[in-house]
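Secondary and tertiary structure notes
Here is what each chain is made of, one letter per residue.
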Amino acid sequence: MQPDDPERYPISAMTGPSPDRGKVTKALAVARSSLRRYPAQLAASLGRAGGHVADVVDEAARRLVRATMPHGDTMAASWLGHATVLMRIGGLRVLTDPVLSHRIGPSVARRTIGFQRLTDAPIIDDEHPVDVILISHAHYDHLDKPTLRRLVNEKTQIVTARATASLIPRGFGHVKEIDWGEDFEIRGVNFRAIRPRHWGARNHWDRHRGYNSYFIEAAKTQSILFAGDTAYTEAFKDLNARLGIFGIGAYDPWVEAHATPEQVWRMFTDMGGQYLLPMHHSTFKLSDEHHEEPISRLIAAAGSDSARIIGRELGQFWAEGAD
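Computed from a prediction, not measured in an experiment: that's the story for all the values here.

**A look at the confidence of the model for the protein**
Where the model shows low pLDDT, its predicted coordinates should not be examined in detail. Across the protein, the average pLDDT comes to 85, with 77% of residues at 70 or higher. Low pLDDT (under 50) marks residues 1-20, which in the prediction has 35 contacts with non-local residues, meaning those over four places away or in another chain. When the criterion is pLDDT under 50, residues 61-65 qualifies, and its contacts beyond four places in sequence or with other chains add up to 11 contacts.

**Digging into the environment of Pro 278**
By the element assignment, Pro 278 lies in strand β18 (residues 275-279). Sequence separation between Pro 278 and Ile 295 is 17 residues; the distance between their C-alpha atoms is 7.7 Å. Apart from the residues lying within four places of it in its own chain, the contact partners of Pro 278 are Trp 79, Phe 246, Ile 248, Ile 295, Leu 298, Ile 309 and Ile 310.

**Notes on the nonpolar core**
One broad rule of soluble globular proteins: the nonpolar side chains tend to lie buried together. Counting residues in hydrophobic clusters, the biggest one holds 29 residues, and the most contacted among them are Phe 191, Ile 216, Leu 243 and Ile 245. Judged by nonpolar contacts, the second largest core, of 21 residues, contains Tyr 232, Phe 236, Ala 259 and Phe 268.

**So, the pairing of strand β17 (residues 243-247)**
When you tally the buried positions in β17, you get 5 out of 5 residues, the bulk of the element. The side-chain alternation of β17 yields two buried faces, one formed by Leu 243, Ile 245 and Gly 247 and the other by Gly 244 and Phe 246. Sheet analysis places strand β16 (residues 222-226) next to β17, joined by 3 bridges and oriented parallel. Bridged to Phe 226 within β17 is Ile 245. One ladder, built from 5 bridges, connects β17 with β18; its direction is parallel. Counterpart to Ile 245 in the pairing with β18 is Leu 277. Chirality of the crossover, the property in question, places the unit of β17, helix α5 (residues 261-271) and β18 among those that are right-handed.

**What to know about empty space enclosed by the protein**
One pass over the structure, following the stated rule, counts 4 cavities of 30 Å³ or more. Computed from the structure, the largest cavity encloses a volume of approximately 130 Å³. Ser 282, Phe 284, Leu 286, Ser 287 and Glu 289 are the residues nearest the centre of the largest cavity, which is lined by 16 residues in total. For the lining of the largest cavity, a count of residues per class yields 5 nonpolar, 9 polar and 2 charged.

**Describing the pattern of salt bridges**
Here the structure, examined in full by the defined rule, presents 11 salt bridges. A salt bridge links Arg 308 to Asp 305; the shortest N-O distance between them is 3.5 Å. By relative accessible area, which is 21% here, Arg 308 ends up partly exposed. Taken together, the salt bridges that share partners define one network made up of Glu 262, Glu 293 and Arg 297.

**So, unusual backbone geometry**
Trans is the common state for peptide bonds, and a negative phi is the common state for residues other than glycine. Between Asp 252 and Pro 253 the backbone carries a cis peptide bond, its omega angle lying at 15°. Here Pro 253 is to be found in the loop between β17 and α5. Here Arg 187, not a glycine, exhibits a phi torsion of approximately 50°, which is positive. For Arg 187, the location among the structural elements is in the loop between β13 (183-186) and β14 (189-194). For Arg 187, a relative accessible area of 59% puts it in the exposed group.

**Topic: the sheet that holds strand β15 (residues 213-218)**
Strand order in the open sheet formed by 6 strands is β13-β14-β15-β16-β17-β18, and the pairing between neighbours is mixed. In the strand order of this sheet, the two ends are held by β13 and β18, each with one partner. Sheet twist, expressed as the mean angle between neighbouring strand axes with direction ignored, is 15°. α5 contacts β16, β17 and β18 of the sheet and is inclined by roughly 160° relative to β17.

**Details of the packing of α5 against helix α6 (residues 293-302)**
Where α5 meets α6, the axes come as close as 8 Å, and the angle between the chain directions of the two elements is 45°. With respect to each other, α5 and α6 are oriented oblique. The handedness of the crossing between α5 and α6 is right-handed. Residue-level contacts link Pro 261, Glu 262, Val 264 and Trp 265 of α5 to Pro 294, Arg 297, Leu 298, Ala 301 and Ala 302 of α6. When its residues are assigned to classes, the contact of α5 with α6 shows 7 nonpolar, no polar and 2 charged.

Each value, and the rule that gives it
- Residues numbered from 1 in each chain as written.
- Predicted model: local features only at pLDDT ≥ 70, side-chain atom pairs only at ≥ 80, totals over all residues.
- Heavy atoms only, no water.
- pLDDT = per-residue confidence, 0-100.
- Contact = heavy atoms within 4.5 Å.
- Helix = DSSP H or I, 4+ residues; strand = E, 2+ residues; numbered from the N terminus.
- Core = buried A, V, L, I, M, F, W, Y, C linked by side-chain atoms within 4.5 Å.
- Buried < 20%, exposed > 50% of the residue type's maximum accessible area, 1.4 Å probe, protein only.
- Pairing = 2+ DSSP bridges.
- Right-handed = clockwise from strand over helix to strand, strands pointing away.
- 1 Å grid on protein atoms, 1.4 Å probe; cavity = no way out; pocket = protein on both sides within 12 Å on 5 of 7 lines; lining within 4 Å.
- Points joined across faces, edges and corners; volume = space filled by probe spheres on them.
- Nonpolar A, V, L, I, M, F, W, Y, C, P; charged D, E, K, R; others polar.
- Salt bridge = Lys/Arg side-chain N within 4 Å of Asp/Glu carboxyl O.
- Axes fitted to C-alpha atoms, helices over the stretch in contact; angles between N-to-C directions.
- Parallel < 35°, antiparallel > 145°, perpendicular 65-115°, else oblique.
- Left-handed = near helix turned anticlockwise from the far one by under 90°.

Given below as structure tokens:
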């Protein structure tokens, strides 16, 4: 079925916020979607293939070569799966929402209970630790404790959302919480928290936790928006970030929390961006759309401007100005 099929993808999903379908209808859609996935993932988590918490990163680490960022001064980025992006801006190596585990979710009896990874996971170069880790919010597919423990380094700083610092393993050089509208500078690179359309609770009882998008700027010449998770919003309008990193998946039936690819393209163009790096797709089966659907819909939405979509392949390195 074509990406522009109006019966499968209504115009409202392509151009702006979805209409209010009613609480009951939305709840039923979410319940049906959950029942299609959660019981099978739970059973797999408890089986032999589930793996203990201590094994999850190591098992993934054996499956792909090291992810490195060549030295240089130009802005650069590489998508490493789900919402994990390794970028360079202002000379800093920045890693977003690192999730390298082969399964994500809570730990129960030393087992990770949750969704299994569909793609290979990278190994971050231990010899050159990242300077900054950005955490957008506390959901298990964005704040993965086993991965963070693997990345602990006193030279690495953490920038995270309100009321999430207590979830970060000890051993990092500094952990800084920032809330919407607040800024934090590291070696001349400024990080500003922006409010996306999402939520930050890790469990049912901790709804006080924050959730951020980040506008990152260096010397007024390099700028990146890491949107994290968000439904359609006008919060990024006229931001003029040269590189926009947007999640394009997990919208069916979660469009109230995750934008459709068409909505992402609209937010990106309204922002005034030059390049778009899509993430949050094809890594974990969190929703009902086929894993190839988000990227194909995004390319269709971009039309003749689709060359501005970069980093479509896992681990593909992009640098501004490079051929």
